[in-house]
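Structural overview
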Amino acid sequence: MEEEQLVLVDEEDREVGTAGKLECHAGAGRLHRAFTALILDAESRLLLARRSAPKMLWPGVWDATFASHPRPGEGYVAAAQRRMPDELGVSCEMEYLFKFVYRAGYLDVGTENEVCATLVGTLKGGAAPAPAAAEISEVSWAGPRELARRVRDDASAYCPWMLAAIWLVGEAPHPDVLDPWAEADIREAARAGVRAHMGDSAWRMVGA
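Residues numbered from 1 in each chain as written. Predicted model: local features only at pLDDT ≥ 70, side-chain atom pairs only at ≥ 80, totals over all residues. Heavy atoms only, no water.

Bringing the overall build of the protein chain into the picture now. Check the secondary structure of the protein chain and you find 5 helices and 10 strands. Relative to the globule expectation of 17 Å for 208 residues, the C-alpha radius of gyration of the protein chain, 16 Å, shows essentially globular dimensions. Based on the C-alpha atoms only, the size of the protein chain along its principal axes is roughly 40 × 35 × 30 Å. The buried share of the protein chain, reckoned over its 208 residues, is 51%. A separation threshold of at least 6 residues defines the contact pool for the protein chain, and within that pool the share at least 24 residues apart is 66%. Carbon and sulfur atoms provide 49% of the accessible area of the protein chain, an area that totals close to 8,800 Å². Measuring between centres, the 22 positive side-chain charges of the protein chain sit 1 Å from its 32 negative side-chain charges. (Helix = DSSP H or I, 4+ residues; strand = E, 2+ residues; numbered from the N terminus. Rg over C-alpha atoms; globule rule 2.2 N^0.38 Å. Buried < 20%, exposed > 50% of the residue type's maximum accessible area, 1.4 Å probe, protein only. Contact = heavy atoms within 4.5 Å. Areas by Shrake-Rupley, 256 points an atom, 1.4 Å probe, with all protein chains shown as cover. Lys, Arg positive; Asp, Glu negative; His and termini not counted. Charge placed at Lys NZ, Arg CZ, Asp CG, Glu CD.)

Here helix H4 (residues 160-168) lies mainly inside the structure; 9 of its 9 residues are buried. For H4, the full list of buried residues reads Pro160, Trp161, Met162, Leu163, Ala164, Ala165, Ile166, Trp167 and Leu168.

All right, on to the side chain of Glu87 then. With respect to the element layout, Glu87 can be found in helix H2 (residues 76-88). Ignoring any residue separated from it by four or fewer positions in sequence, one finds Glu87 in contact with Phe66, Ala67, Ser68, Ala130, Pro131, Ala132, Glu135 and Ile136.

Quick look at the confidence of the model for the protein chain now. For the protein chain, the mean per-residue pLDDT works out to 94, and 99% of the residues sit at or above 70. Per-element confidence in the protein chain ranges from a low mean pLDDT of 91 for strand E10 (residues 203-205) to a high of 98 for strand E3 (residues 32-40). (pLDDT = per-residue confidence, 0-100.)

Looking now at the packing of H4 against helix H5 (residues 184-198). The relative placement of two packed helices comes down to the angle between their axes together with the axis-to-axis distance. Between H4 and H5, the shortest axis-to-axis distance is 8 Å and the interhelical angle comes to 145°. The crossing of H4 and H5 is left-handed. In this structure, H4 contributes Pro160, Leu163, Ala164, Ile166 and Trp167 to the contact, and H5 contributes Ile186, Arg187, Glu188, Ala190, Arg191, Gly193, Val194, His197 and Met198. Residues of the contact of H4 with H5, tallied by class, amount to 9 nonpolar, 2 polar and 3 charged. (Axes fitted to C-alpha atoms, helices over the stretch in contact; angles between N-to-C directions. Left-handed = near helix turned anticlockwise from the far one by under 90°. Nonpolar A, V, L, I, M, F, W, Y, C, P; charged D, E, K, R; others polar.)

Taking 1.5 Å of rise per residue, 13 residues should cover 18 Å, and H2 covers 18 Å from first to last C-alpha, within 8% of that figure. On its buried face, H2 is in contact with E3, strand E4 (46-51), strand E6 (66-68), strand E7 (94-106), strand E8 (110-122) and strand E9 (136-142). Positioned one or two residues after H2, Gly89 has a phi angle of 75°, which is positive. (Expected span 1.5 Å × (residues − 1).)

Attention now moves to the pattern of salt bridges. Side chains carrying opposite charge are able to pair once their charged atoms draw close together. The full count for this structure, using the stated rule, is 22 salt bridges. Arg83 is the salt-bridge partner of Glu135, the closest N and O atoms lying 3.5 Å from each other. Of the two residues, Glu135 sits in the loop between E8 and E9 while Arg83 sits in helix H2, which places them 52 residues apart along the sequence. (Salt bridge = Lys/Arg side-chain N within 4 Å of Asp/Glu carboxyl O.)

What follows deals with the side chain of Asp41. Tracing the sequence through the fold places Asp41 in the loop between E3 and E4. We classify Asp41 as buried; its relative accessible area is 6%. Here Arg45 takes part through its side chain, which lies 2.6 Å from a polar atom of the side chain of Asp41. For Asp41, the residues in contact, after removing those within four places along its chain, are Thr122, Leu123, Trp141 and Val177. (Polar contact = N/O pair within 3.5 Å; in protein donor to acceptor, adjacent residues only side chain to side chain.)

Given below as structure tokens:
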């Protein structure tokens, strides 16, 4: 990890300072701001991205679609729109949905301890992602029922924050493109996946 400064917060997303990225993720972690972005196509398929092997936490695991951190003084949407072309080689308008707080440890390597905003965007016009190899090793499109089946088969292949975001889609207003992801059986598959990673007590929606 390059040592950029992340925004430290309390569990209601109030700023309390800054710290380096490594410090925020080492050991039990320090609570900081992050975001996860769900990029869909016109058919409501979700763009999945496999995290590159050099990643400190969850290397080689599928994410949706990319995740990162706002810089000090930067909003969640602005941060996502800055990072998307760097990671995927394409851009689209992003919309804020909600945020949740969670803590998930990865082996004995470190911890994600984040207030995580969930954002959504729709990739239009046949734009083809060109992922940055340092961030993403491969990409794949999946519909909600296909992904739910995959998660039931092996939840460990998917990042915990991604699964929490999908479960929470049905708890907040969202654009029509996400309606298929808000169906009860899709959300329950995601929730079971979250439980496999971190139980039921280590995550909740902020403001709920």
